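Here is what each chain is made of, one letter per residue.
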Amino acid sequence: MLPDRKSAFESAPLDELLAILLRQVRRPLADHGVNFTDADAEALAQRIVAQADLGAQAEAIHAALVELVTESEAVLAQWQLSFEQSLDTEMTDISGWESTAEFLEIANEKANAELRISTGAALLTALGGSRDVPRLQFLAERDDDDP
């Protein structure tokens, strides 16, 4: 039997969820010159939850996340899609591929951009920003469980 992931997500402590999200973007942020360890991610997540001073590392993470989200938006823009439109667009509706390999490459690019934007939005909001709140509201209002 598969674990009930939604229930686990809903009951997990916020600092653990934030640390997981930070670890998910660690490699892309390293490409932007921001490096941190798992322990750094956990400590920052705990400071966010405690509403304590986040420090200079959080500022660097914030700036790199903005760049990452902007780059991911540009990936989707090549198909004339916003983040919100992309989530509702099937891969078969995207042109520019002829082979299965090209299809898979584009599908991977699209999925990575969507994931980085949604993760970035959550982390930027947790770090005190408000620019991505509408995105989070959009995601919260979606019901992707409906067939």
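Residues numbered from 1 in each chain as written. Predicted model: local features only at pLDDT ≥ 70, side-chain atom pairs only at ≥ 80, totals over all residues. Heavy atoms only, no water.

Student: Break down the layout of surface pockets for me, with residues and values.
Tutor: Its boundaries defined by the atoms lining it, the second largest pocket holds a volume of some 200 Å³. Taken together, Arg-23, Gln-24, Val-25, Arg-26, Arg-27, Pro-28, Asp-31, Asn-112, Leu-115, Arg-116 and Thr-119 make up the lining of the second largest pocket. Counting residues per element, the ones that place at least two in the lining of the second largest pocket are α2 (14–24), α3 (26–30) and α7 (100–126). At four residues, the largest contribution of residues to the lining of the second largest pocket is made by α7. Class assignment for the residues of the lining of the second largest pocket results in three nonpolar, three polar and five charged. (1 Å grid on protein atoms, 1.4 Å probe; cavity = no way out; pocket = protein on both sides within 12 Å on 5 of 7 lines; lining within 4 Å. Points joined across faces, edges and corners; volume = space filled by probe spheres on them. Helix = DSSP H or I, 4+ residues; strand = E, 2+ residues; numbered from the N terminus. Nonpolar A, V, L, I, M, F, W, Y, C, P; charged D, E, K, R; others polar.)

Student: So what's going on with unusual backbone geometry? Which residues, and what values?
Tutor: Even without being a glycine, Gln-51 presents a positive backbone phi close to 55°. Along the chain, Gln-51 falls in the loop between α4 (38–50) and α5 (55–77). Its identity is not glycine, yet Gln-80 carries a phi of approximately 55°, on the positive side. Examined against the element boundaries, Gln-80 turns out to sit in the loop between α5 and α6 (83–87).

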